[in-house]
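For reference, the chains in residue letters:
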Amino acid sequence: MNLQTFIERMDSHDLERDKTHIVADLRQLASNRSLLSEHLYHTLQRDGFNTENSLYNAYAFVLHSSQTYTIRLGFWAPVTSKDESQTFIYHLNHTHDFEMYAVGYSGDGYTTIKRDILQRTPLCVGVRPLLGEETTLKLAPGEVLHMRALYEVHRQLPPRTLSSSISLSIHPQKNLMTDPAWCFDEHYLPTYPGIAAQETELYERTLARLKKQNQIELSSA
């Protein structure tokens, strides 16, 4: 399945009722081995070497984004140091404030360890919520992970080889979402709202400096 066909199918689905169809379509999309090359070709044709609209972060490409959902192709590297692990937020227990699907695309795939949050009351720092049993999934090619917004906490373990996955993030309806995503410690105690905020800020600052430096070099040429 090519990307445009997947987008057309997504736009026709009922996001609440058609979850099995979404999973099946994701698996078909993941069978397309030229997604990245096609994305890069069209991006270069449209934007040249400007990456502002095509990168989510240093290791994920935005294949498509609309008001309803975003499709990304992300890469996951094996790690040998703590700093590398933090770059990919491996081993960090966290929730998402959006519904997410992910399908393994290449490599052996990262491992997700997931637990349901059984309570519906807001989380508080240092107060462990009631949790379900752990489930483990290795996101090998064709395997699909589905996570509900807010009420599933998971952590990712690095793959053995460079891997990639396609993620489908369903944007929350602003009038319905009131709680943020959270990070938890190794004992599942909530620590702070938000995910990898420091890493995101560093990436954005670095990108802004690179743009500024490019502008200075162009103006002085």
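Scope of this entry: the structure provided in the associated data block. What you are looking at is a predicted structure, and each value in this text was computed from that prediction instead of being measured. (Residues numbered from 1 in each chain as written. Predicted model: local features only at pLDDT ≥ 70, side-chain atom pairs only at ≥ 80, totals over all residues. Heavy atoms only, no water.)

### Regarding the overall build of the protein
Item 1. When helices and strands are tallied, the protein shows five helices and 12 strands.
Item 2. Taking all 221 residues of the protein together, the buried fraction comes to 41%.
Item 3. Looking at the protein alone, contacts between residues at least 24 apart form 74% of all its contacts between residues at least 6 apart.
Item 4. Summed over its atoms, the accessible surface of the protein is roughly 12800 Å², and 54% of this surface lies on carbon and sulfur atoms. (Helix = DSSP H or I, 4+ residues; strand = E, 2+ residues; numbered from the N terminus. Buried < 20%, exposed > 50% of the residue type's maximum accessible area, 1.4 Å probe, protein only. Contact = heavy atoms within 4.5 Å. Areas by Shrake-Rupley, 256 points an atom, 1.4 Å probe, with all protein chains shown as cover.)

### Structural notes on the nonpolar core
Item 1. Residues Phe-6, Met-10, Ile-71, Ile-166 and Leu-168 are the most contacted members of the largest nonpolar core, which totals 23 residues.
Item 2. Elements that contribute at least two residues to this core include exactly α1 (3-12), α2 (19-30), β3 (69-76), β5 (99-106) and β10 (163-170).
Item 3. Excluding residues that lie within four positions of it along the chain, Leu-168 makes contacts with Phe-6, Met-10, Ile-22, Leu-26, Tyr-69, Thr-70, Ile-71, Glu-99, Met-100 and Tyr-101.
Item 4. Core analysis: the next-biggest nonpolar cluster, separate from the first, contains 12 residues, Tyr-59, Trp-76, Tyr-110 and Met-147 among them. (Core = buried A, V, L, I, M, F, W, Y, C linked by side-chain atoms within 4.5 Å.)

### Looking at the packing of aromatic side chains
Item 1. For the coordinates displayed, the defined rule picks out four aromatic pairs.
Item 2. An aromatic cluster of three or more residues is present, and its members are Tyr-59, Trp-76, Tyr-90 and Tyr-110.
Item 3. When the ring centre of Tyr-188 is taken as reference, the NZ or CZ atom of Arg-115 above it lies at 4.9 Å.
Item 4. Lying over the aromatic face of Tyr-151, Arg-120 brings its terminal NZ or CZ to 3.8 Å of the ring centre. (Phe/Tyr/Trp six-rings, centres within 6.5 Å; stacked < 30°, edge-to-face > 60°. Lys NZ or Arg CZ within 6 Å of the ring centre and 35° of its normal.)

### Notes on the environment of Ala-102
Item 1. Note that Ala-102 resides in strand β5.
Item 2. Expressed as a C-alpha distance, the spacing of Ala-102 and Leu-26, which sit 76 residues apart in the sequence, is 8.0 Å.
Item 3. Excluding its chain neighbours within four sequence positions, the residues that come into contact with Ala-102 are Tyr-110, Leu-139, Glu-143, Val-144, Leu-145, Ile-166 and Ser-167.

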